[in-house]
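# Reading the structure
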Amino acid sequence: MGLLGLRHRPSAAPLLRLPDGSTHGPLFLAQRRPVPARRPAAGDICPHTGRARLGYDRARILLEKYAGLDLRQLRHSAATHLGEAEVPLQLIMGKTRHKNPRTAMRYVKPGTEAIAKVTEVLPPRRRTH
């Protein structure tokens, strides 16, 4: 029995390995040295303000909190508009950063005008009787 009468469970925390190869108890976060903060990549810095751009999660939280908007729905709408504008699937994949064409295909729903335009390209069918 451990403290407060509770049974001691083995911790999933990594063990501290000493130079002689022995291990010494679990390694707690308090024993780790802090690392310097990462600097954002040059492409993630706004050229006008010099500030780092928001990540997807932070932008999603702020949009939902202050504007009541769903970032996923905005992203979906933008990709759908690109599909309606007959932008090629490869460019939609590049914009939405999808790796699988099947995932990006959900945004490409041709409307009646696009289908009519494609139908005009086909030659008229010949009668067979």
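In short, a report on the structure.

About the cut-offs
Residues numbered from 1 in each chain as written. Predicted model: local features only at pLDDT ≥ 70, side-chain atom pairs only at ≥ 80, totals over all residues. Heavy atoms only, no water. Salt bridge = Lys/Arg side-chain N within 4 Å of Asp/Glu carboxyl O. Helix = DSSP H or I, 4+ residues; strand = E, 2+ residues; numbered from the N terminus. 1 Å grid on protein atoms, 1.4 Å probe; cavity = no way out; pocket = protein on both sides within 12 Å on 5 of 7 lines; lining within 4 Å. Points joined across faces, edges and corners; volume = space filled by probe spheres on them. Nonpolar A, V, L, I, M, F, W, Y, C, P; charged D, E, K, R; others polar.

### As for the pattern of salt bridges
The final tally for this structure, using the stated rule, is two salt bridges. Ionic pairing is found between Asp57 and Arg60, a salt bridge with its closest N-O pair at 3.9 Å. With Asp57 and Arg60 both in helix 1 (residues 56-67) and three residues apart, the pair spans about one turn of that helix. Across the pair Lys117 and Glu86 runs a salt bridge, and its minimum N-O distance is 3.6 Å. Of the two residues, Lys117 is situated in helix 5 (residues 112-121) and Glu86 in the loop between helix 2 (71-84) and helix 3 (89-96); the sequence distance between them amounts to 31 residues.

### Digging into the layout of surface pockets
Once rolled over the atoms, a probe with the size of a water molecule shows which space is left empty. The computed volume of the largest pocket comes to approximately 550 Å³. For the largest pocket, the lining is made up of 14 residues, of which Leu54, Tyr56, Arg75, Lys95 and Arg97 are closest to its centre. Broken down by secondary-structure element, the contributors of at least two residues to the lining of the largest pocket are helix 1, helix 2 and helix 3. For the lining of the largest pocket, the element with the most residues is helix 2, which contributes five residues. When grouped by side-chain class, the residues that make up the lining of the largest pocket number seven nonpolar, two polar and five charged. Each pocket or cavity is described by its volume, and for the second largest pocket that value is around 190 Å³. In this structure, the second largest pocket is lined by Gly83, Glu84, Glu86, Val108, Pro110, Gly111, Glu113, Ala114, Lys117 and Val118. Secondary-structure elements contributing two or more residues to the lining of the second largest pocket are helix 2 and helix 5. Among the elements that line the lining of the second largest pocket, the one with the most residues is helix 5, at four residues. By residue class, the composition of the lining of the second largest pocket is four nonpolar, two polar and four charged.

Distances and angles like these do not, on their own, reveal function.
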